[in-house]
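Survey of secondary and tertiary structure
Take a look at the letters that make up each chain.
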Amino acid sequence: MTAHSVEVAESWRFRVSPTGKVLGAEVLDLDLRAIDDRDLAGILRAWRDHLVLLFRGQSLTDDELVAFSKRFGELDWPPIQENGRRFVEGHPEVYVVSNVVENGVPIGSLGAGEATWHTDMSYLQEPPKASVLYALEVPPTGGSTHFINMYRVYESLPAKLKRRIRGLTLKHDATYNSGGYVRQGLTALDDPTKSSGTYHPLVCTHPETNRRLLYLGRRRNAYIHGFSLADSESLLGELWSHATREEWTWRNEWRVGDLVLWDNRCTMHRRDAFDANSRRVMHRTQIKDEIRPTA
């Protein structure tokens, strides 16, 4: 990681090393098994400033992962995966992201292919405000996770385009997950005007920072309310082309023991494909949102 500076507040027991990109920072010198309220306050400040935080070299049990996650709020139950609900025994809050198959049964979700740009569970009326992803096993190459700063995306839109999208609502599709699998209990459908999903404002105001952001969620089956399908596709194509420019992104190349915390309200993320013969095992939690972003 290349850092332009290292941030240290007098009251912190840790350092924050920004990535040098438009989002993301590594938190150094902190064992997440033993954080106190002072540490939490510092983490929250760094998280607000950088949107995505990376904590390397962690050694957490699932109990400790859940305990850390709960410091940020009540936990959401994970989504039903394409092969039925899969979670760690005794820990229904922990979602397994993995390509590993044991005794003919996948232990988790999303396989080894690319996971396209998305915001976690944005198809719900109340998506989680944050996600925590912890690496237990990683492939030797591939499987990196990329993040987008959706504040910067909105702020950089041409003024004419900002005026055009003001007040619009967007359907976030529930049919497919980011790996392209049909969600449990739903039927494959590729008509965005009829697919299952939830409408959210296209431009939102973050409830904690009061900054405006573009809330796209995911591309497949997205639909702008009240538009013809052709006009919706045209406008969404323009927005997605702008949003996914490399200049708005940062990528984490995973190591075992990495824990990444991201603000699900003002970022999107995707995953690179990797060799299906390699093992990748991640445990994820999601934190409920107390106050939803507003238009």
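So, here's what we can say about the structure. (Residues numbered from 1 in each chain as written. Predicted model: local features only at pLDDT ≥ 70, side-chain atom pairs only at ≥ 80, totals over all residues. Heavy atoms only, no water.)

**A look at the overall build of the protein**
Operational definition: Numbering of helices and strands starts at the N terminus; helices are DSSP runs of H or I of at least 4 residues and strands are runs of E of at least 2. Burial classification: accessible surface area is computed with a 1.4 Å probe over protein chains only, and a residue below 20% of its type maximum counts as buried, one above 50% as exposed, and the rest as partly exposed. A contact between two residues is defined here by any heavy atoms of the two lying within 4.5 Å. Here, Shrake-Rupley sampling with a 1.4 Å probe gives the accessible areas, and only protein chains in the shown set may cover a residue.
A count of helices and strands for the protein gives five helices and 20 strands. When its C-alpha atoms are laid out on the principal axes, the protein stretches across 55 × 50 × 35 Å. Evaluated residue by residue, the protein yields a buried proportion of 55% over its 295 residues. Once local pairs closer than 6 in sequence are excluded, the contacts in the protein between residues at least 24 apart make up 76%. Here the protein has roughly 13000 Å² of accessible surface; of this, 46% comes from carbon and sulfur atoms.

**A word on the pattern of salt bridges**
For side chains of opposite charge, pairing can occur when their charged atoms come near one another. Definition in use: Salt bridges are defined by distance alone: a side-chain nitrogen of Lys or Arg within 4 Å of a carboxyl oxygen of Asp or Glu.
Counted according to the given criterion, the structure contains 20 salt bridges. Of the charged contacts, one joins Arg13 and Asp36 as a salt bridge, the two residues approaching to 3.9 Å between their closest N and O atoms. Residue Arg13 is located in the segment before β1 (15-18), and its partner Asp36 is located in the loop between β2 (25-28) and α1 (37-50); the two are separated by 23 residues in the primary sequence. A salt bridge links Arg48 to Asp49, with the shortest nitrogen-to-oxygen separation between them at 3.2 Å. Linked by salt bridges that have partners in common, Glu208, Asp263, Arg265 and Asp289 make up one network.

**Some thoughts on the sheet that holds strand β19 (residues 267-271)**
Note the cut-off: Strand pairing requires that DSSP identify at least two bridges connecting the strands. Each axis is a line fitted through C-alpha atoms, taken for helices only over the stretch in contact, and angles between the N-to-C directions span 0 to 180 degrees.
Taking strand neighbours across the sheet as the criterion, the four strands line up as β9-β19-β11-β17 in an open arrangement whose pairing is antiparallel. A single partner strand is all that each edge strand has here, and the edge strands are β9 (115-118) and β17 (249-252). Each adjacent strand pair in this sheet contributes to an overall mean axis angle of 15°, direction not counted.

**Remarks on helix α5 (residues 229-243)**
Under the convention used in this document: Expected helix span is given by 1.5 Å per residue-to-residue step, counting one fewer step than there are residues. Working note: the arc is built from the helix axis to C-beta atom directions.
Its 15 residues place the ends of α5 21 Å apart at the C-alpha level, agreeing with the 21 Å of an ideal helix rising 1.5 Å per residue. Those residues of α5 lying buried are Ser232, Leu235, Leu236, Leu239, Trp240, His242 and Ala243. Here the buried residues of α5 occupy an arc of 160° about the axis, which is enough to place them on one side. Turned more than 90 degrees from where α5 packs its buried face, Ala230 and Ser241 sit exposed.

**Details of the nonpolar core**
Put simply, the rule is: For the purposes of this section, nonpolar cores are sets of buried Ala, Val, Leu, Ile, Met, Phe, Trp, Tyr and Cys residues that join through side-chain atoms within 4.5 Å.
The biggest cluster of nonpolar side chains holds 43 residues, and the ones touching the most others in it are Val52, Met150, Ile165, Leu202, Leu214, Leu216 and Leu239. Residue contacts for Leu239: discarding those within four places in its chain leaves Leu157, Leu161, Ile165, Leu202, Leu214 and Leu216.

**Some thoughts on the environment of Gln58**
Put simply, the rule reads: Distance and chemistry together define a polar contact, namely a pair of N or O atoms within 3.5 Å, with one atom able to donate a hydrogen and the other to accept it when in protein, and with adjacent residues in sequence counting only for side-chain atoms on both sides.
In this structure, Gln58 sits in the loop between β3 (52-55) and α2 (62-70). A relative accessible area of 7% places Gln58 in the buried class. C-alpha separation for the pair Gln58 and Leu136, spaced 78 residues apart in sequence, amounts to 9.9 Å. In terms of polar contacts, Gln58 uses its side chain to reach the backbone carbonyl oxygen of Arg56, at 3.2 Å.

**Quick look at the packing of aromatic side chains**
To keep it simple, the criterion reads: Note on ring pairs: Phe, Tyr and Trp rings are taken, using the six-membered ring of Trp, and paired if centres are within 6.5 Å. Classes follow the plane angle, with under 30 degrees stacked, over 60 edge-to-face and the rest tilted. Over a ring means this: the NZ of a Lys or the CZ of an Arg is within 6 Å of the ring centre and within 35 degrees of the ring normal.
The tally for this structure, following the rule as stated, stands at five aromatic pairs. When the centroid spacing of 5.9 Å and the interplanar angle of 20° are considered together, the rings of Phe147 and Trp250 count as stacked. Here Phe147, found in strand β11 (residues 145-149), pairs with Trp250, found in strand β17; they are 103 residues apart in sequence, far enough to count as distant. Classification of Phe147 as buried rests on a relative accessible area of 0%. Summarising the aromatic geometry, the rings of Phe147 and Trp262 are spaced 5.3 Å apart at their centres and angled 55° between planes, so their arrangement reads as tilted. In this pair, Phe147 sits in strand β11 while Trp262 sits in strand β18 (residues 259-263), placing the two residues 115 residues apart along the sequence. Sitting over the ring of Tyr154, Lys162 keeps its end group 4.9 Å from the ring centre. Against the face of Tyr151 rests Arg211, its NZ or CZ located 4.0 Å from the ring centre.

**A short note on the environment of Glu26**
Tracing the backbone through its elements, the reader meets Glu26 in strand β2. Along the primary structure Glu26 and Ala46 are separated by 20 residues, whereas in three dimensions their C-alpha atoms are 9.6 Å apart.

**A word on the pairing of β1**
Note that β1 and β2 share four bridges and pair antiparallel. Directly across from Val16, in β2, lies its bridge partner Val27. Turn length for the β1-β2 hairpin, with the two strands adjacent in sequence and antiparallel, is six residues, and the turn residue Gly20 shows positive phi of about 90°.

**Section: the side chain of His200**
Looking at the secondary structure, you find His200 in strand β13 (residues 197-201). Given the relative accessible area of 5%, His200 is considered buried. If we ignore the near neighbours within four places in the chain, the residues touching His200 are Ser122, Leu124, Gln125, Pro127, Leu168, Thr169, Leu170, His172, Tyr215 and Arg292.

**Regarding the environment of Asp49**
By the element assignment, Asp49 lies in helix α1. Along the sequence, Asp49 and Pro18 sit 31 residues apart, while their C-alpha atoms lie 9.8 Å from each other. Among the polar contacts listed, one links the side chain of Asp49 to the side chain of Arg48, at a separation of 3.2 Å.

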